[in-house]
Structure formats: structure tokens, C-alpha cells
Amino acid sequence: MKIEKTSAENQLKVYRPKKALYIKKEYAGLDMEKFTEDETGSFYNYLSEGCRLCQEGAKMVLFVTGLCPKSCFYCPLSDERRGKDLVFANERSIKSDEDLLKEAELMNALGTGITGGEPLLKTERVLHYIRTLKASFGKEHHIHLYTSLAPDRQTLEKLADAGLDEIRLHPPQDCWKDLKNSQYADALQNAKKLGIEAGIEIPALEGAEKIAAFAEEMGVFLNLNELEFSDNNSKALLKNGFCLESDTSNAAAGSCKSAGIAFTVCRKAHFCSSTYKDAVQLRKRLQRIAKNTAREFDEITEDGTLVYGVIEGGDQELAEKTLQNIEIPAELFEIKDGKIEIAWWVLEELKENIKEELESSGSRLNIIERYPFEDGMLVELIPL
Ligand code: SF4
């Protein structure tokens, strides 16, 4: 039986997750002519290689430990990770090198960003992962590292030897006023001398213009992340006088303005908006994974999620026989974990003919949308 996709496709529109709303940002008199801006309100006049690959959704996020000696009031770490010596690659818990490599292959990663917690509390682990990734994916697999510490020359030499490409220092706020005379200045100088691209990455807060002037003087790039409310830092942000920019975003009011002020004195600058991470980075990463994992009958949405139909419960044999009797091509469905997963438009088309019979045996017909990996998060379930 010939299955038409049209009408069901129109219906599908209701299934797509909501888009991040674009909010007009305040740039504090910054000459935006010199900046590239995207639909999420991020803007830059310079992108490090690490950021460029992140914008393609091609950077794996390697969280090497939740341990950290700092206590930034804006720390966004979740309870699941904060203060815990755990390793994650994106959402995957890492128990072995195989786990790590599998996650990188799944998303066809072109690079990795090493973060935490404080990665350099586990330097040997960081060195091991850099070597493992470079050995598996070649030296062109770009690796950047975040650290709130000021690594000494010896540590930087080990990182450079292992193949680290880019380092981003996150000096704590109490150092901002006199960075020139701090160990962070030495660390940046040494990193540059060792051929590691060096930069600073901090939240966009008042006073960031001091960092911007310092970055300009050092000839390093400056990434300012829009300060955002998260489950774990909202109390501290409110206590420090911050409020939400609007009721449709987690951004803290005024953070973008602080970036605008800072960027008037820095020629290598990038402001990363809070919506960017969900609206672009995650979506693009999911799209990459979906390309690798989608079955012929899975619909890949523009958000990188997969949509397909499911016949579950009841008499599965009867359901399978029913599909075979009406000659549904084998490539349009599969038996998986005791359920039948099938092209959603096929199920949509068939429901009138088969629903009664299958439901009488206790089967349920649903359309599912979920993240494109094993046990990926369920985004939407629509009973037919
Ligand atoms: S350095 Fe990072 S992980 Fe550590 S407290 Fe600050 S924000 Fe949190």
C-alpha cells in the first residue's frame, strides 16, 4: 500500500520543541558594525577555533571532575556533578576509554572541550584523555581546556606535549583588578610561547572591562558568557542583586550590557548568550548524532530529535502480522525491546484501519519524539 507523507507532515509541526525567543540586547554603545551577531544574541569580532567548532555542534563536552577549589557565587554546576569526582562526555557517564570514544564517534566530534569543576585537579587524567583522543582521532581533533587555576610552566609543557590546542583561563573575580601582576599573566604568556592558543573565559559581569583591557594587552582572546540563572545558583545570584532579564530566558539582566562595555577595549572578543547553548550548540550536536543514529524510517527534526511511531503492549505478534498483511515494507518498521517502532507517517496513515483491532488486544499507538541516542530523553509523546 502506497503511503503518502503530506498531511501527516503538516500535522507534525505541532511536535517540534519550542524555539528560544530572541531578545533585543543592550550593547552599551558598542559599534556593532565590527561584530557578527547571531539569532540568539551572541556576538563576536573574533572566534577561537574551539568556539568555531562549538558553533557547528562538533565539540564534545568532556567533564573530567566535579571537584573544584573555587566557590564562584554564579557556579552553574548541578548537584549531580558539583563536588563529585565523576567523568561525563556530554550526558554520558564515562567508566572507560571506550565510553569516551563511543560518545565522540556518535556525534562525529571534530574536537573536545575539557571542563569541570577544576580539570587541573586531575592533571594526569586530563593528559590521558588528550592523548587518547589525539591517538584515536588524529592531531586535527581540536582540544581546548577550561581552568580556574594558573597552571605553571611545567604543567603547560605537559599539556602542550600531549597535544592541547587551546586554553581558557577563568580567573576568580577577586583577581580581576590586578591580573597583570598575577600568575594568570605568566600562565597566558607561557601557554602562548608553547604554541597553545590562550584566552580568558569568564561570565559577563560588571568589571569585565578590566579583563578586556588586560586581554588586549596580552594579545589573547576574551570569551564572555552571559550570566544565567540555574537551579543551583539562582539563590546566590538574587542575593548578589541580579534578576532575570525576562520571563522567557535564564539570562541575568545587565550581563550583556557588561559585555558591551568590555568589548569597546578588546579586539578579540566573543559574547556567548545564555540561549545559545540550548538553541544552537545542543541542537547542532543532536543533529550530528541523529545523522549517525537515525534509522531509515526515523524523521530527523530541525532540532536534531527523532520522531517515529510505536505500537506497544498488547498482542505484539498480532500487530506484526497486521503490518505484514498490509505489506508495510520491512525498512519502515522494526521490532525493538518488545515494541514495534515504525515510520510515524505510516502509523498515522494506518491508524483508522488498525487501531480498533490492535487496541482490542491492549496495544497502544503513539508518536514519539526523543533525543537521537540510546535511551535519549523523551521530548514528546502523542497518543494516536
Ligand atoms: S571555577 Fe567553575 S566549577 Fe569551580 S566554582 Fe567556579 S564556576 Fe564552579
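Residues numbered from 1 in each chain as written. Predicted model: local features only at pLDDT ≥ 70, side-chain atom pairs only at ≥ 80, totals over all residues. Heavy atoms only, no water.

(A) Expanded view of the pattern of salt bridges. Enumeration according to the criterion identifies 20 salt bridges in this entry. Close ionic contact of Arg-52 with Glu-56 constitutes a salt bridge, the shortest N to O distance being 2.9 Å. On the basis of relative accessible area, Arg-52 is assigned to the partly exposed category, the value being 37%. The partner of Lys-122 in a salt bridge is Asp-85, with the nearest N and O atoms 3.5 Å apart. (Salt bridge = Lys/Arg side-chain N within 4 Å of Asp/Glu carboxyl O. Buried < 20%, exposed > 50% of the residue type's maximum accessible area, 1.4 Å probe, protein only.)

(B) Structural context of the nonpolar core. Membership of the largest hydrophobic core comes to 69 residues, with the highest contact counts inside it found for Leu-62, Leu-159, Ile-167, Ile-200, Leu-222, Leu-224 and Phe-263. Examining the composition of this core, we find that 6 residues originate from one element, helix 7 (residues 208-218), more than from any other. Excluding residues within four positions of it along the chain, Ile-167 makes contact with Leu-145, Thr-147, Pro-151, Leu-156, Ala-191, Ile-196, Glu-197, Ala-198, Gly-199 and Phe-221. Within the second largest apolar cluster, 24 residues are counted, among which are Leu-350, Ile-354, Ile-367 and Ile-368. (Core = buried A, V, L, I, M, F, W, Y, C linked by side-chain atoms within 4.5 Å. Helix = DSSP H or I, 4+ residues; strand = E, 2+ residues; numbered from the N terminus. Contact = heavy atoms within 4.5 Å.)

(C) Quick peek at helix 12 (residues 344-360). Here helix 12 contains 17 residues, and its C-alpha end-to-end distance of 21 Å is more than 12% below the 24 Å for a straight helix at 1.5 Å per residue. Along its length, helix 12 reaches its greatest deviation from straightness, about 75°, at Lys-351. Where helix 12 is concerned, the buried positions are Trp-344, Trp-345, Val-346, Leu-347, Glu-348, Leu-350, Lys-351, Ile-354 and Leu-358. At the C-terminal side of helix 12, Gly-362 shows a positive phi close to 95°. (Expected span 1.5 Å × (residues − 1). Bend = angle between axes of the 7 residues up to and from the residue.)

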